[in-house]
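# Examination of the molecular architecture
Residues per chain, in single letters:
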Amino acid sequence: MPQAQTASSRLRFLPVEGAVELFTPDFAKVLVALHDQFTPRIYELRAKRQEMLKKAHEQGILPTYLPPSEITTGTWKVPPMPEELWKPGIEISGPASITSMFINALNPGPEGERAEGDLDDDEDSAGHRLIDTVRATWNRLRAVERTLYFYDPERKKEYRIAPGELPFFMHRERGLHLDEPGVTVDGTPVPASTLGTALTLYYAGRAQAARGQGIYFYLPKLETAEEAAFWRDFFDACRECMPHLRHATIKAILLVEALPLAYQMEEALYALGPYAAGLNAARWDFKASIFEYVMTDPTMVWPDRFGVDIKTTDFLANIFRRLVAICLKHDAVPIGGMATPLPSPDPHVNEVAAAGIRADKEWEAAQGFVRGWVAHIFHMKTAAAPFKELRASGWKPTPEMALPERYPIEIKIPEGPITVEGTRRNARMLVEYLEGWLNGRGAKGIDSLAGKPGIHPALMEDLATGRMSVAQIAQRLLHRARDSEDPSQVHDFALVKRLLQEETEDILRRLAATTRDAKSRQAYAAAEARYRKAYKIALRWIKNYTELDFRSLGSYTRAELEAIAAAEDAF
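To start, this report covers the structure provided alongside it. Keep in mind it's a predicted model, so treat the numbers as computed, not measured.

## Things to note about the pairing of strand β5 (residues 149–152)
- With 4 bridges connecting them, β5 and strand β6 (residues 157–160) associate as antiparallel partners. Across the sheet, residue Asp 152 finds its bridge partner in β6, namely Lys 157.
- Joining the antiparallel neighbours β5 and β6 is a turn of 4 residues, in which Lys 156 adopts a positive phi near 55°.

Written as structure tokens, this is what we have:
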């Protein structure tokens, strides 16, 4: 491991490219102060999360509503926010650390239109290394300054920001559950959320404030209103120690992607205080959170997750409607979910993908969402159109849509079969995703039905779908779930291991068929090594979940993952 460098007498960091220029004495002073003030509180919040899970697993006590209060019965409104946050349309999402993807996201799509917002992500689609956070910091700063540039020597292609008005930036940092081992204060890793948010506010935030731009954040992986209050206090502290933020506009949108937070959406929005802007309806992580809370309950084993559509699963749709109702009640912005299909060389595949995206976004727009997310500029206009068209028509949400009590939260078992083929699809997605992770990418285009009949575009998958796949496999293992169509097939470790092995071999067989020359054979050899490691890591990740250890993949260093790949199979 490279020798850590010193930014102050207390702060040390690994000397990844670009870090020395960021970790100046002044920034070190800010970061150490924030670490001292907030790290003990982060540890307390993490412990409370574990207590909630323990009650669910050992006593069957699931999260529920807080007692009624003036927050839930009153008529308060979130503070006024910039008009751009009310724009109907779409936000383009992608890793902030991959420069070419970041530039593409900021530029017009095939139809010549830009997205309304850019979700520059250092969380679920990022690589979760210090180098990723450092690159994300530089890319955000240079994007604000419009100097961002990248040359790809492999493709001999230049990437530049095109002229014209850019989307507004929505910064997404890593969550409160993660540390950054590459940066320490007195030998203790700095929480990843503290580091990323401080870097963004200190650098890109300074540039945005100087230009009169609002500084906007998505806050991921929150579980309670108490955690939202943490962020209010954190932003207050950042204003105090960064003078350029004193009069800046800072707003945040909470991602509702944890079961406890669904019951506390109203209280959490209130707890953000002057920084409150809205709520986002996460899908993949929310399902994964449900899996984790009901993991030990044999009566709550879910069917294949691929068939559980928010639009047609009433109890899930109601949670999203409740989110919109809370936003309408308090003048906050409701943001919908992600459209993940990627472009295909086959026009028919693109047509089918576009039809699916349009139907999904038409449903969201009709529920009252203002915007949604999209994973690729190819489908940007398709995803944006339903929101723009409905709002332009003069449509308004009805008064009844602003009543949260109309949409009570219930957690049920969705309709649908449990199949070994559904588990196989989870297994394939998992191996594919982990290969991308080992290659430094937190987001990867994956066709989990490759080679199967039918039309199925590749989807942009990120850490949330990896987590969800692991959770569903583990749930089936814990309860020895039987295939609905063939009850003789029982989920056990031998079955899951065989599925992982078969899917790994099938992926490699298809990849080997594409090798044509010495260069492609060399690339195949490197990819094969990653896939073999991915298989071993998948075994470990699944085994952890069966032991109720829901540790995030993002918490592992690359050295730890290499050690797992070199060890005996986890099962």
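## Description of the environment of Ala 384
- Turning to its location among the elements, Ala 384 is positioned in helix α14 (residues 380–392).
- With 230 residues separating them along the chain, Ala 384 and Glu 154 place their C-alpha atoms 33 Å apart.
- Once residues within four sequence positions are removed from consideration, Ala 384 is found in contact with Gly 89, Ile 90 and Glu 116.

## Description of the sheet that holds strand β4 (residues 117–121)
- Spatial strand order, β3-β4-β7-β10-β11-β12-β13-β14: 8 strands in a closed barrel with parallel pairing. Each adjacent strand pair in this sheet contributes to an overall mean axis angle of 30°, direction not counted.
- Across 5 bridges, the pairing between strand β11 (residues 250–256) and strand β12 (residues 276–281) is parallel. If you follow Ala 252 over to β12, its bridge partner there is Ala 276.
- Along the sheet, helix α5 (residues 130–145) contacts β4 and β7 (168–172); its crossing angle with β7, the most-contacted strand, is approximately 170°.
- Packing of helix α6 (residues 192–202) onto the sheet brings it into contact with β7, β10 (215–219) and β11, and relative to β10 it is tilted by some 165°.

## Some details on the pattern of salt bridges
- In the structure shown here, the tally under the stated rule is 56 salt bridges.
- A salt bridge links Arg 140 to Asp 120, with the nearest nitrogen and oxygen atoms 2.4 Å apart. Separated by 20 residues along the polypeptide, Arg 140 in helix α5 and Asp 120 in strand β4 bring together distant segments of the chain.
- For Arg 140, a relative accessible area of 2% gives the class buried.
- Asp 120 sits in the buried class, given a relative accessible area of 0%.
- The shortest N-O distance in the salt bridge between Glu 123 and Lys 221 comes to 2.5 Å. Here Lys 221 lies in the loop between β10 and α8 (225–241) and Glu 123 lies in the loop between β4 and α5, a separation of 98 residues in the sequence. Exposure class is identical for Glu 123 and Lys 221. Each is buried.
- Sharing partners across several salt bridges, the network here consists of Asp 121, Glu 123, Asp 124, Arg 172, Lys 221, Glu 257, Asp 285, Glu 292 and Arg 467.

## Brief notes about unusual backbone geometry
- Backbone geometry places Lys 221, a non-glycine residue, at a positive phi of 60°.
- Taking the relative accessible area as the measure of exposure, Lys 221 reaches 10% and is therefore buried.
- In this model, Leu 548 sits at a positive phi of 65°, which is unusual for a non-glycine residue.
- Of note, Leu 548 is situated in the loop between α18 (518–546) and α19 (558–566).
- Accessibility expressed as a relative area gives 33% for Leu 548, which makes it partly exposed.

## A look at helix α17 (residues 493–512)
- Relative to the 28 Å expected for 20 residues at 1.5 Å per residue, α17 spans 28 Å between its end C-alpha atoms, a close match to the ideal helical length.
- Among the structural elements, α15 (420–438), α16 (463–478) and α18 are those in contact with the buried residues of α17.

## Looking at the packing of aromatic side chains
- Across all of its chains, the model carries 24 aromatic pairs by this definition.
- The interplanar angle of 75° and the centroid separation of 5.0 Å between the aromatic rings of Phe 291 and Trp 302 together place this pair among those described as edge-to-face. With Phe 291 in helix α11 (residues 284–293) and Trp 302 in the loop between α11 and α12 (314–330), this residue pair connects regions lying 11 residues apart in the sequence.
- Look at Trp 302 and you get buried, because its relative accessible area is 0%.
- One aromatic cluster is present, built from ring pairs that chain together Phe 38, Phe 217, Phe 230, Trp 231, Phe 234, Phe 235 and Tyr 275.
- When the ring centre of Phe 306 is taken as reference, the NZ or CZ atom of Arg 425 above it lies at 4.0 Å.
- Sitting over the ring of Tyr 556, Arg 551 keeps its end group 3.6 Å from the ring centre.

## Description of the pairing of strand β9 (residues 188–191)
- Pairing analysis gives 4 bridges linking strand β8 (residues 179–185) to β9, with the strands arranged antiparallel. Note that in β9 the partner of Glu 180 across the bridge is Val 190.
- Here β8 folds back onto β9, and the loop between the two strands holds 2 residues, one of which, Asp 186, carries a positive phi near 55°.

Calculation criteria
- Residues numbered from 1 in each chain as written.
- Predicted model: local features only at pLDDT ≥ 70, side-chain atom pairs only at ≥ 80, totals over all residues.
- Heavy atoms only, no water.
- Pairing = 2+ DSSP bridges.
- Helix = DSSP H or I, 4+ residues; strand = E, 2+ residues; numbered from the N terminus.
- Contact = heavy atoms within 4.5 Å.
- Axes fitted to C-alpha atoms, helices over the stretch in contact; angles between N-to-C directions.
- Salt bridge = Lys/Arg side-chain N within 4 Å of Asp/Glu carboxyl O.
- Buried < 20%, exposed > 50% of the residue type's maximum accessible area, 1.4 Å probe, protein only.
- Expected span 1.5 Å × (residues − 1).
- Phe/Tyr/Trp six-rings, centres within 6.5 Å; stacked < 30°, edge-to-face > 60°.
- Lys NZ or Arg CZ within 6 Å of the ring centre and 35° of its normal.

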